[in-house]
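Residue strings, one per chain:
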Amino acid sequence: MTLRNEQEDVTFESALERLEQIVRDLESGELPLEKAIENFQEGMKMAKICRDKLDQAEQKIEMLVKENGEFLKKPFNPEDER
Amino acid sequence: MEQQTILTVSDVTRYIKMMFDQDDRLRDCWVRGEISNFTHHSSGHMYFTLKDSGSRLKSIMFKSANRSLTFLPKDGMKVIVRGYVSVFERDGQYQFYVEEMQPDGLGALYLAFQQLKERLEQEGLFAPERKRPLPAFPRTIGVITSPTGAAVRDIITTIRRRYPVAHVILHPVLVQGPEAAPSIALAIQTMNALAEVDVLIVGRGGGSLEELWAFNEEVVARAIFASKIPVISAVGHETDFTIADFVADVRAATPTAAAELAVPHLGELTRHVYQLEERLTNAMIGTIRESKRRLERIEQSTVFLRPKQTIAQKRQWVDHLENELELRLTRLTGSRARKLAEWTGRLQAVSPVERLKRMEQQLQFAAGRLQTVMAAQLEKENHCYERLLDKMQAYSPLLVMKRGYALVYRQDGKERKLIRSLHDVQLGDLVQVRLHDGHVDCHVWGLEEAVNDSEK
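Residues numbered from 1 in each chain as written. Chains lettered and ligands numbered in written order. Predicted model: local features only at pLDDT ≥ 70, side-chain atom pairs only at ≥ 80, totals over all residues. Heavy atoms only, no water.

- Labelled according to an unreviewed UniProt entry, chain B appears under the name Exodeoxyribonuclease 7 large subunit, originating from Collibacillus ludicampi.
- The record held by UniProt for chain B lists under Subcellular location (unreviewed entry) the comment "Cytoplasm". (UniProt positions renumbered as here; feature names shortened; annotations may be inferred.)

- Per an unreviewed UniProt entry, the recorded name for chain A is Exodeoxyribonuclease 7 small subunit, and the organism is Collibacillus ludicampi.
- According to its UniProt record, chain A has this under Sequence similarities (unreviewed entry): "Belongs to the XseB family."
- Taken directly from UniProt, the Catalytic activity (unreviewed entry) text for chain A runs: "Exonucleolytic cleavage in either 5'- to 3'- or 3'- to 5'-direction to yield nucleoside 5'-phosphates."

Printed below as a string of structure tokens:
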């Protein structure tokens, strides 16, 4: 599973922004209870999305290699090159 | 000899200075030469002579200009300087005012660098307003550098350490030599065409000016400028800027710094998310607690605790109001009644009935008096009248006639005339003699005048 394929509809950035906004709103203490609960649930969802995205540590490091006029991606490990 | 203006020395010098200052070539020029007689004055200004095999040029570099020098000039050093020629009026000496200085040898490259830099700057390639922000959370980072060497290792290690969720796509390029610049420019174009990366790191490790030269070439500058993907330049040289540094959206001093700028720190980010989650939970708990507290406050209010008390209180209040109303009403009517009595009294006091009575009395009194007065007056008049009547009777001719007197009238046509004289009648006239009890008609038949005239 890659970072791109999961939760394609929500980017980490927008999830984080939404989470921050929800926390600010809720901390202001001005929301009616129902709205607060609703926001809280959404906030928890956003936090989970953020955490999930951060937990996916499957980093790919690739190098472009041109073969027959086309670029191919090949795994690259800088340590190997030394 | 024709009349000619005689100039002062100052006039001449000033004129020469003006000529120098107006000359385009002297106003901004590059000069190559060797430094001699170098002195760094305590004022901070540098005085020296530039010489070559054929001539010498007296030069000065002011403190404000030499502050940015990266090396210290000394005698025998070959340099390329840029500045202007002008005249120091006091000494009547022309000299070269140095604004920039570069050791010769790198001279050609340096000149090329300066000229390109100026040109691209004027074109707006370095404009701060066109610098784009870097993405806060890039998913894929493009790296354009040599696949060997420290730079690529530093970049990948740093990204792996800080943000192991991002992909890295390396585009290997030559970073020095004549093929370097076109290779770098093409790589930037390729990365843009692939459109898979969110940010580009373009760079190499440190080196000499010649080794870094590819990053000073126009083709690289233009490729960076044309890139749709934000570019971080990472040419490993702390102090000197390359043209690529000026055009890039962000300049990093080293490849490691570039990687740090390109990606956030995952650990910090994770902490941040956890903190947000914690704040979210706390805020929710707080909200619920506050709602509960409000509910409790409401539940504990007397309305809920002793519901009848409210009614009783209201009832009492109604009673109170009733009393109050009655009291007010009584007070109100009482005061009105008093007012009425007062006004009635005042009205009676000014009533016309009394005046009428008084006036009636006056009238009766006046009428009585009038009657008395009138009666008295009438009696007086009556009395007067009777006396007058008596008098009149006394004077009445009838009374005289009773005593034997008669009145004689002559009928003259229709008129009857009293005859008083003998001359009023003629013989033959018919006269009437009036007595007190009738009349006698007579015929005059004799006239005789009395002797005594005294009777007339």
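Don't stop here, the text continues.
Some words on the overall build of chain B
- Assigned secondary structure in chain B consists of 14 helices and 14 strands.
- Looking at chain B as a whole, 31% of its 456 residues are labelled buried.
- Within chain B, counting contacts between residues at least 6 apart in sequence, those at least 24 apart form 59% of the total.
- Accessible surface computed for chain B: about 30700 Å², of which carbon and sulfur atoms make up 56%. (Helix = DSSP H or I, 4+ residues; strand = E, 2+ residues; numbered from the N terminus. Buried < 20%, exposed > 50% of the residue type's maximum accessible area, 1.4 Å probe, protein only. Contact = heavy atoms within 4.5 Å. Areas by Shrake-Rupley, 256 points an atom, 1.4 Å probe, with all protein chains shown as cover.)

Concerning the confidence of the model for chain B
- Taken over all residues, the pLDDT of chain B has a mean of 87, while the share at 70 or more is 96%.
- Scored as a whole, the predicted complex attains pTM 0.52, and scored at its interfaces, ipTM 0.75. (pLDDT = per-residue confidence, 0-100.)

Considerations on unusual backbone geometry
Residue and element names in this part refer to chain B.
- The phi dihedral of Asn 37 is positive, around 55 degrees, even though this residue is not glycine.
- By the element assignment, Asn 37 lies in strand S1 (residues 29-40).
- Non-glycine residue Ala 195 carries a positive phi angle of around 50 degrees.
- Tracing the sequence through the fold places Ala 195 in the loop between helix H6 (180-194) and strand S8 (199-204).

Comments concerning the sheet that holds strand S14 (residues 438-443) of chain B
Residues and elements named next belong to chain B.
- Across the sheet, four strands lie side by side as S12-S11-S13-S14; this open sheet has antiparallel pairing. Edge strands, defined here as strands with exactly one partner in the open sheet, are strand S12 (415-418) and S14. In this sheet, adjacent strand axes meet at a mean angle of 30 degrees when their direction is disregarded.
- Relative to S14, strand S13 (residues 430-435) runs antiparallel, the two being bridged by six bridges. In the strand pairing of S14, Leu 435 is matched with Gly 438. (Pairing = 2+ DSSP bridges. Axes fitted to C-alpha atoms, helices over the stretch in contact; angles between N-to-C directions.)

Looking at the pairing of S12 of chain B
All names here are of chain B.
- Pairing between strand S11 (residues 407-412) and S12: four bridges, direction antiparallel. Paired with Asp 412 across the two strands is Glu 415, which belongs to S12.
- Hairpin connection of S11 to S12: two residues between the antiparallel strands, including Gly 413 at a positive phi of 65 degrees.

Observations regarding the interface of chain B and chain A
- On the side of chain A, 40 residues touch chain B, which itself brings 42 residues to the contact.
- Buried area between chain B and chain A, summed over both chains or domains, comes out near 3900 Å², and the portion from carbon and sulfur atoms is 67%.
- Interface area lost by chain B to chain A is led by Arg 139, His 167 and Leu 280 of chain B, which between them contribute 17%.
- There are three salt bridges connecting chain B and chain A.
- Going through the elements one at a time, helix H5 (150-162), strand S7 (167-172), H6 and helix H10 (266-299) of chain B are the ones with two or more residues in the side of chain B that touches chain A.
- Ranked by residue count, the leading element in the side of chain B that touches chain A is H10 of chain B, at 16 residues.
- A class-by-class count of the residues in the side of chain B that touches chain A yields 25 nonpolar, 10 polar and seven charged.
- Bridge analysis of strand S1 (residues 61-67) of chain A against S7 of chain B gives three bridges, and the strand direction is parallel. When the bridges of S7 of chain B are listed, Ile 61 of chain A appears paired with Val 168 of chain B. (Buried area = accessible area lost by both parts, 1.4 Å probe. Salt bridge = Lys/Arg side-chain N within 4 Å of Asp/Glu carboxyl O. Nonpolar A, V, L, I, M, F, W, Y, C, P; charged D, E, K, R; others polar.)

Brief notes about the packing of aromatic side chains
All names here are of chain B.
- Across all of its chains, the model carries seven aromatic pairs over all chains by this definition.
- The structure contains a cluster of three or more aromatic residues connected by ring pairs, namely Phe 62, Tyr 84 and Tyr 97.
- Lying over the aromatic face of Phe 241, Arg 251 brings its terminal NZ or CZ to 3.9 Å of the ring centre.
- The cationic tip of Arg 416 hangs over the ring face of Tyr 409; the distance from NZ or CZ to the ring centre is 4.7 Å. (Phe/Tyr/Trp six-rings, centres within 6.5 Å; stacked < 30°, edge-to-face > 60°. Lys NZ or Arg CZ within 6 Å of the ring centre and 35° of its normal.)

Some points on the nonpolar core
- Grouped together as the largest cluster of nonpolar side chains are 46 residues, with contacts concentrated most on Phe 12 and Leu 19 of chain A together with Ile 141, Tyr 163 and Ile 201 of chain B.
- Ranked by size, the runner-up nonpolar core spans 35 residues in total, among them Val 173, Ala 180, Ile 188 and Phe 215 of chain B. (Core = buried A, V, L, I, M, F, W, Y, C linked by side-chain atoms within 4.5 Å.)

Notes on H10 of chain B
- Given a rise of 1.5 Å per residue, 34 residues ought to cover 50 Å, and the 49 Å separating the end C-alpha atoms of H10 of chain B matches this to within 8%.
- What H10 of chain B keeps buried is the set Leu 266, Leu 269, Thr 270, Val 273, Leu 276, Glu 277, Leu 280, Ala 283, Met 284 and Thr 287 of chain B.
- On its buried side, H10 of chain B packs onto helix H1 (12-28) and helix H2 (33-55) of chain A together with H5 of chain B. (Expected span 1.5 Å × (residues − 1).)

Comments concerning a nonpolar patch on the surface
- Taken together, Leu 33 and Ile 37 of chain A together with Ile 288 of chain B make up a surface patch of nonpolar side chains, about 210 Å² in accessible area.
- As for its position among the elements, Ile 288 of chain B is in helix H10. (Patch = residues over 30% accessible without salt bridge, like charges linked within 9 Å, V, L, I, M, F, W, Y side chains within 5 Å.)

A few points about the side chain of His 167 of chain B
- Tracing the backbone through its elements, the reader meets His 167 of chain B in strand S7.
- When residues no more than four places from it in sequence are discounted, the contact partners of His 167 of chain B are Glu 58, Gln 59 and Lys 60 of chain A together with Arg 139, Thr 140 and Ile 141 of chain B.

Considerations on the pairing of S13 of chain B
All names here are of chain B.
- In this sheet, S13 lies alongside S11 in antiparallel orientation, the contact comprising four bridges. Looking at S13, one finds that Arg 410 is bridged to Val 431.
- Linking two consecutive strands that pair antiparallel, namely S13 and S14, is a turn of two residues.

Details of the environment of Tyr 409 of chain B
All names here are of chain B.
- For Tyr 409, the location among the structural elements is in strand S11.
- Looking at Tyr 409, the relative accessible area reads 16%, which means it is buried.
- When the C-alpha atoms of Tyr 409 and Gln 432 are compared, they prove to be 5.1 Å apart, with 23 residues separating the residues in sequence.

Side note on the packing of H2 of chain A against H10 of chain B
- In contact at an axis separation of 10 Å, H2 of chain A and H10 of chain B are set at 165 degrees when each is read in the N-to-C sense. Our classification of the angle between H2 of chain A and H10 of chain B gives roughly antiparallel. The hand of the H2 of chain A/H10 of chain B crossing is left-handed. Where H2 of chain A abuts H10 of chain B, its residues Leu 33, Ala 36, Ile 37, Phe 40, Gly 43, Met 44, Ala 47, Cys 50, Arg 51 and Leu 54 of chain A lie against Leu 266, Leu 269, Thr 270, Val 273, Tyr 274, Glu 277, Leu 280, Thr 281, Met 284, Thr 287, Ile 288 and Ser 291 of chain B. (Parallel < 35°, antiparallel > 145°, perpendicular 65-115°, else oblique. Left-handed = near helix turned anticlockwise from the far one by under 90°.)

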